[in-house]
Amino acid sequence: MNVSTTKGTASVDPASFGKVGVLFGGRSAEREVSIMSGTGVLEALRSRGVDAHPFDPGTQSLAELAAQGFDRVFIALHGRYGEDGSLQGALEQLGIPYTGSGVMASSVGMDKITTKKIWKFDHIPTPDYIAIEPGTDLDEVLVSLGLPLIVKPPLEGSTIGITKVSQAEELKAAVELAAGFDAVVLAEEFVTGREFTVAVLGTGANARALPIVEIVAPEGNYDYQNKYFTDDTRYHCPAQLDPLLSEEIQRHAVNAYRALGCEGWGRIDVLVRESDMRPFLLEVNTSPGMTSHSLVPMAARALGISYEDLCLEILASARLKMTKV
């Protein structure tokens, strides 16, 4: 089904989807955002006549999921236990088709360090980094990456546990904060510039980028609060960029998505360095937000795709990845 226009959903019989589960909530630090995403998706699908039902893996068991008799599920979970491949593996075992990437791509995409290793190997531009483990010499980290730098837990999202380190004496506390989430911590070169995100829809050779969104946060601080709970952050879509640079960013985003084996849908976060307008890819989100502030729906609207049609398009792509069906 073509996901770059609204034509594909107009002829879909909602009954053909069968009984649909919308999975949201979960047990990650992003539970609150997931509930907002899933509630929006559930309402959108129901508004189009889909027999959609909520299911919260954070409070309900896999046995209960199997007992529901879902014909397919829409994954609106973010973070651990929903976006990291663990749930995808369970759905494969249960034989329930699901939206988004499969077990491997979800797991790799969730781990920012592994993601960066693959991107570096494939010559996809991403900031230099160091994986900090217990015993790592922090002075060497400072020498290698310079200041300022970014410290973050590699398995979290929504800017949780992230610190911008501007002074050498701040590094130890930043590492300790991130280590509260993950045993290995990511220290990353700080790129000064403009912030963008690129939604990608489709699979393999059919994967394509939607219009780029530029994010202009208050004082450049696109944190958890400014992402989801304030109206102070401004968004420009399509982003005002030189057409050649826009094409380059979209090309990198699609290549990065394919390099990890992502499918269905996803979102790549990008920084463009102000000194030379060179793009750097930061991370991939294999189960992006679908809240009122979320960026994939915003990019889709720029192509005339409504929120409801976007949800239908994503749902239509649900499948099992480990069997040919």
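Here the structure is a predicted model, which is why all the values come from computation and not from measurement. (Residues numbered from 1 in each chain as written. Predicted model: local features only at pLDDT ≥ 70, side-chain atom pairs only at ≥ 80, totals over all residues. Heavy atoms only, no water.)

## Focus on the packing of helix α5 (residues 103-110) against helix α6 (residues 112-121)
Next, step 1: Following both chains from N to C, one finds α5 and α6 inclined at 100 degrees, their axes separated by 5 Å at the closest point. Here α5 lies roughly perpendicular to α6, going by the angle between them. Residue-level inspection shows Val108, Gly109 and Met110 of α5 in contact with α6, the latter providing Lys112, Thr114, Thr115 and Ile118.
Next, step 2: Its residues placed into classes, the contact of α5 with α6 shows three nonpolar, three polar and one charged. (Axes fitted to C-alpha atoms, helices over the stretch in contact; angles between N-to-C directions. Helix = DSSP H or I, 4+ residues; strand = E, 2+ residues; numbered from the N terminus. Parallel < 35°, antiparallel > 145°, perpendicular 65-115°, else oblique. Contact = heavy atoms within 4.5 Å. Nonpolar A, V, L, I, M, F, W, Y, C, P; charged D, E, K, R; others polar.)

## Considering the side chain of Thr197
Next, step 1: By the element assignment, Thr197 lies in strand β8 (residues 193-201).
Next, step 2: At 2.9 Å, the side chain of Thr197 forms a polar contact with the side chain of Arg267.
Next, step 3: Residues contacting Thr197, with those up to four places away along its chain left out, are Ile212, Val213, Ile215, Arg267, Ile268, Asp269 and Leu295. (Polar contact = N/O pair within 3.5 Å; in protein donor to acceptor, adjacent residues only side chain to side chain.)

## A short note on the sheet that holds strand β5 (residues 149-152)
Next, step 1: On the basis of which strands lie adjacent, the open sheet formed by four strands has the order β4-β7-β5-β6 and antiparallel pairing. The outermost strands of the open sheet, each flanked by one partner alone, are β4 (129-132) and β6 (163-165). Pairwise comparison of adjacent strand axes, ignoring direction, gives a mean angle of 25 degrees for this sheet.
Next, step 2: Both β5 and strand β7 (residues 185-189) contribute to a ladder of four bridges, which runs antiparallel. Looking across to β7, one finds that Val151 is bridged to Ala187. (Pairing = 2+ DSSP bridges.)

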